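Reading the structure
What follows is the residue order along each chain.
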Amino acid sequence: MVQPIKGFSKLSKEDKIDWVARNYTVKPEDTKEILQTYWHSDSELQKLHDEFIENTISNFYLPLGIAPNFLINGELYAIPMAIEESSVVAAASKAAKFWLERGGFSARVLGTEKIGQVHFIYKGDPEKLQAFISQIKPQLLKDSSEITKNMVKRGGGITDIVLVDKRDAIENYYQLHATFETRDAMGANFINSCLEQFANTMLRETENYKGFDDNERDIDVVMSILSNYVPGCLVRAEVSCPVAELEDEESMTAEAIADKIVRAVRIAQAEPYRAVTHNKGIMNGIDAVVLATGNDFRAVEAGIHAYAARGGSYSSLTNASIENGIFKFWIEIPLALGTVGGLTRLHPLVNLALKILQNPSAEDLMKITAVAGLAQNFAAMRSLVTTGIQQGHMKMHLLNILNQMGANDDEKKTLVHYFREHSATHGAVMEALQKLRQD
Ligand code: MEV
């Protein structure tokens with residue numbers, strides 16, 4: 001049985017690797033070799049990676065792909081996407097090309113408000129608390145000025161602080177609910193620093209506040225933290241074209257495709273099981289851009305899914321309509337993204353991804369990312385209501401299957417050619433490879 005270890009973080013990297021390999025893997029030498037393969041020994045790049053997190057033992061690679069031909073508000077973008085799932089980049093590229101020939105995507109930012117809260121317990125008179133918070137509000141802002149001064153220079157800062165009475169949810173529970181403008185930064189550290197300062201100021205000011213009785217000074221701050229739910233940091237992206245232009249190479253009429261897409265979106269709006277998969281497809285595009293641009297995909301995921309459930313039931317993030325012969329397809333999502341700070345300039349590939357995107361502002365990146373999600377959903381909708389997704393997906397997945405089966409380069413070439421005309425199920429690929437080897 002493996003024994004608990006003390007001071008793992010203090011071991012050298014070699015010793016950490018050795019410990020994991022010996023204690024948790026059957027062939028320690030093979031484990032070390034794999035970790036080594038992904039390791040850039042003695043380089044500055046490796047040092048940088050080592051310092052991103054704790055206890056690093058290697059690097060974890062994901063493919064970085066490019067989806068070209070995205071026309072967004074009249075500008076042509078090639079979108080970097082970091083993702084492991086085959087067919088996502090191909091689907092994005094296909095949708096980009098499709099809409100390039102139909103006027104491209106339009107996108108606009110509807111708001112950029114970020115949110116943070118100080119959660120606390122107060123057992124006194126609610127009116128006195130309200131009077132206290134109103135009185136100390138200038139002090140809350142003043143005490144935070146060291147933290148906010150650079151952000152204010154860039155046009156951002158604290159936009160408001162209000163007291164929220166949450167006693168209907170939990171006994172004696174209140175919040176300081178603060179809103180922020182963080183310009184091109186995602187702003188998590190900025191917001192959290194402000195919130196912790198608010199909490200300190202509030203506690204300090206209770207001591208001398210004349211309006212409280214002694215027992216009312218006992219405010220208990222539970223925590224001070226930003227919210228990743230940012231319904232006021234919203235972006236909308238849209239495409240539209242005459243229904244007749246939705247023609248299909250396959251067998252369906254443009255009208256039938258438009259009708260079915262609208263119906264498929266309605267199903268995702270009404271039915272949570274379908275909505276989750278529908279939105280998962282959207283997140284294929286969004287996460288890939290968020291990751292490639294060094295943003296916090298967990299924050300984005302959490303915020304977007306909360307938004308999808310804002311009506312009380314989990315629903316589609318996209319909408320579709322047909323009016324006066326025009327097919328319209330759009331998305332509205334909260335996206336708190338940054339193009340400065342965090343990893344954005346530190347990780348060389350993130351830096352490059354942002355350069356490829358022409359050094360976007362946070363608002364530009366919100367638009368590009370929303371478009372990637374919309375494009376992904378359009379590609380999925382179109383496949384699902386026409387051929388189904390497996391035909392295209394298995395073709396893209398073919399190389400993964402062949403690699404898994406240990407096919408060599410010549411075998412891969414022959415079989416990729418063969419499966420252009422045949423259905424590439426796992427079984428069919430295995431059979432074809434066996435037959436090729438026998439021949
Ligand atoms: C697969 O990664 C994503 C889809 O399932 C999305 C959808 O069903 O809309 C194709």
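Described in the following lines is the structure provided in the data block. Just so you know, the residues in each chain are numbered from 1, in the order the chain's sequence is written. Only residues with pLDDT of at least 70 get local features here, since the model is predicted, and only at 80 or more are side-chain atom pairs given and counted; chain-wide, interface and lining totals rely on the full set of residues. Hydrogen atoms and water are omitted, and side-chain values are computed over all heavy atoms in the structure.

What to know about the site of the ligand
Residues in close proximity to the ligand include E85, R274, T277, H278, K280, G281, N284, A380, L384 and I389, which together make up its full environment. Polar contact is defined as a pair of N or O atoms within 3.5 Å, subject to the rule that within protein one atom must be able to donate a hydrogen and the other to accept it, and that residues adjacent in sequence are counted only when both atoms are side-chain atoms. At 2.8 Å from an oxygen atom of the ligand is found a side-chain nitrogen or oxygen belonging to R274. Here an oxygen atom of the ligand and a side-chain polar atom of K280 are 2.7 Å apart. The accessible surface values rely on the Shrake-Rupley method and a 1.4 Å probe; as for residues, cover is taken only from the protein chains in view. A total of 300 Å² of accessible area belongs to the ligand in isolation, and the protein chains cover 84% of it. The distinction between a cavity and a pocket rests on a 1 Å grid over the protein atoms alone: a 1.4 Å probe fits inside a cavity but cannot get out, while a pocket stays open yet meets protein on both sides within 12 Å along at least five of seven lines, and a residue with an atom within 4 Å of a point counts as lining. Criterion for pocket placement: a molecule counts as inside a cavity or pocket if more than half of its atoms are within 2 Å of its grid points. Here the ligand is seated within the second largest pocket. For the shell around the ligand, the secondary-structure elements that each account for two or more residues are α9 (272-292) and α12 (362-385). All residues other than Ala, Val, Leu, Ile, Met, Phe, Trp, Tyr, Cys, Pro, Asp, Glu, Lys and Arg, Gly among them, are scored as polar; the first ten of these are nonpolar and the last four charged. In terms of residue class, the shell around the ligand is built from three nonpolar, four polar and three charged. Whether a residue is near a molecule or strand depends on its heavy atoms: it is near if one of them lies within 4 Å of it. Per the convention used, a helix needs a DSSP run of H or I reaching at least four residues, while a strand needs a run of E reaching at least two, with both numbered from the N terminus.

Quick notes on helix α1 (residues 13-24)
An α-helix turns once every 3.6 residues. As a result, residues three or four positions apart point the same way. A helix is expected to span 1.5 Å for every residue after the first. Relative to the 16 Å expected for twelve residues at 1.5 Å per residue, α1 spans 16 Å between its end C-alpha atoms, a close match to the ideal helical length. For α1, the set of buried residues is K13, K16, I17, W19 and A21. When checking whether two residues touch, look at their non-hydrogen atoms; a contact exists if any pair is within 4.5 Å. Looking at the packing, one finds that the buried side of α1 touches α2 (28-37) and α3 (44-52). We call a residue buried when its accessible area falls under 20% of the maximum for its residue type, exposed when it is over 50%, and partly exposed in between, using a 1.4 Å probe and counting protein chains only.

A few points about the sheet that holds strand β3 (residues 106-109)
Read across the open sheet, the four strands follow the order β3-β8-β10-β9; overall the sheet is antiparallel. The sheet terminates laterally at β3 and β9 (318-323), the two strands that pair on one side only. Taken over all neighbouring pairs, the strand axes of this sheet differ in orientation by 20° on average, direction set aside. The pairing criterion for strands is at least two bridges between them, as found by DSSP. Where β3 and strand β8 (residues 234-242) come together, four bridges link them in antiparallel fashion. Throughout, an axis means a line fitted to C-alpha atoms (over the contacting stretch in the case of helices), and angles, computed between N-to-C directions, take values from 0 to 180 degrees.

A word on empty space enclosed by the protein
Grid points are joined across faces, edges and corners, and a volume is the space filled by probe spheres set on the points. With the rule as written, the count across this model stands at one cavity of 30 Å³ or more. In this model, the largest cavity occupies a volume close to 110 Å³. Together, 15 residues line the largest cavity, and M186, N228, V230, A299 and A336 are the ones closest to its centre. Of all the secondary structure elements, the ones that give two or more residues to the lining of the largest cavity are β4 (114-121), β7 (220-227) and α10 (297-308). Looking at the lining of the largest cavity, the element that brings in the most residues is α10, giving four residues. Residue classes in the lining of the largest cavity are distributed as eleven nonpolar, three polar and one charged.

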